[in-house]
Amino acid sequence: MQDRKHDRRGSAALSDTFDRRTIIPTASVQPIPLRQRPDPLVCRGGCGELLEPVTIRRKGEALYVPLRICDPCRVAENDRERPPEHVVARDRRLKTIPIHLRETRGGKPITFQTLDRDRGNARTLELLEQWIPPWGSIFLSGPVGSGKSQALACLVRKLIEGGGSAMWTSEQRLMRMIREDFGRRGSTLQREICDAPILVVDDLGAAARTDWERRIFEEILSERSDNRRPILMTSN
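Residues numbered from 1 in each chain as written. Predicted model: local features only at pLDDT ≥ 70, side-chain atom pairs only at ≥ 80, totals over all residues. Heavy atoms only, no water.

> Just to check I follow, could you spell out the environment of Leu-159 for this structure?
Among the structural elements, Leu-159 can be located in helix α7 (residues 148–161). Counting along the chain gives 27 residues from Leu-159 to Ile-132, while the straight-line C-alpha distance between them is 7.8 Å. (Helix = DSSP H or I, 4+ residues; strand = E, 2+ residues; numbered from the N terminus.)

So, in structure tokens, the structure goes:
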């Protein structure tokens, strides 16, 4: 799985909609050099899970960051301090992520902490964990089954849990919605696609496009780029 990022700085207004302390919960933890790998810590949220340290890069140096709390416990802890309507709205926004990418068959949330990092994707996951919206768009490419969609789903979950919102779709579904909506009086679909704070387009290139569909898609990409609204894409 390869990652390509377009390093176009976004507006402050977009970044202000996200709680960075929630998106990057390790920011206040002192990193440790790789030669001093720390022992796993028991989650302070009370679930008893052992948390392995994660790897980050700071000024070109790879460092370990101990994790003190797992993602589900962190979300539950934050929820206790938030009004109920905030939690309901957050859970509704999470449903934009396909359920098979959002949670396990047993109903447990799938997060960066639960992903398998032994498939040559550790560096990509490390970069995604530290990404915040103003840093531009993301394009992940790789063979089927390499975990591209799952990685983006974990990123979108983290952003939504931090107070953001996103629109998740596949290229095929996006084109079908636009075709069905074309010519409808008073329709706002294309405007909603262009204005979504974060747009996720999964399986780019999986469906053949007509010249008209290609032109519409390019208009959407161009407008979002001009307004510094991130697009997260995957392709085989």
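On we go.
> Teacher, can you tell me more about the environment of Val-54 here?
Within the fold, Val-54 resides in strand β5 (residues 54–58). Taking relative accessible area as the criterion, Val-54 reaches 13% and is therefore assigned buried. A C-alpha to C-alpha distance of 6.6 Å links Val-54 and Pro-66, two positions 12 residues apart in sequence. Residue contacts for Val-54: discarding those within four places in its chain leaves Leu-63, Tyr-64, Val-65 and Leu-67. (Buried < 20%, exposed > 50% of the residue type's maximum accessible area, 1.4 Å probe, protein only. Contact = heavy atoms within 4.5 Å.)

> What is the right way to read the pairing of strand β7 (residues 137–141) from this model?
Moving residue by residue along a regular strand, the side chains alternate between the two faces of the sheet. When you tally the buried positions in β7, you get five out of five residues, the bulk of the element. Here β7 pairs with strand β10 (residues 231–235) via four bridges, running parallel. Bridge pairing in β10 places Ser-141 opposite Ser-235. (Pairing = 2+ DSSP bridges.)

> Is there a simple way to think about the confidence of the model for the protein in this case?
For residues with low pLDDT, the predicted coordinates do not support detailed interpretation. Taken over all residues, the pLDDT of the protein has a mean of 78, while the share at 70 or more is 82%. Under a pLDDT of 50 for its full length, residues 5–28 has, in the predicted model, 57 contacts with residues more than four places off or in other chains. (pLDDT = per-residue confidence, 0-100.)

> I tried to follow the side chain of Ser-235 on my own but got confused; where do I start?
Assignment of secondary structure puts Ser-235 in strand β10. If near-sequence neighbours (up to four positions away) are discounted, Ser-235 is found in contact with Phe-139, Leu-140, Ser-141, Gly-142, Lys-148 and Leu-204.

> Is there a simple way to explain the pattern of salt bridges in this structure?
When charged atoms on two side chains of opposite charge get close, those side chains can pair. Taken as a whole and judged by the stated rule, the model has 10 salt bridges. Asp-91 is the salt-bridge partner of Arg-90, the closest N and O atoms lying 2.8 Å from each other. Among the residues examined, Arg-90 registers a relative accessible area of 3% and is labelled buried. Across the salt bridge formed by Arg-157 and Glu-161, the nearest N and O atoms sit 3.0 Å from each other. Residue Arg-157 and its partner Glu-161 are located together in helix α7, separated by four residues, close to a single helical turn. When sorted by exposure, Arg-157 lands in the same class as Glu-161, which is buried. (Salt bridge = Lys/Arg side-chain N within 4 Å of Asp/Glu carboxyl O.)

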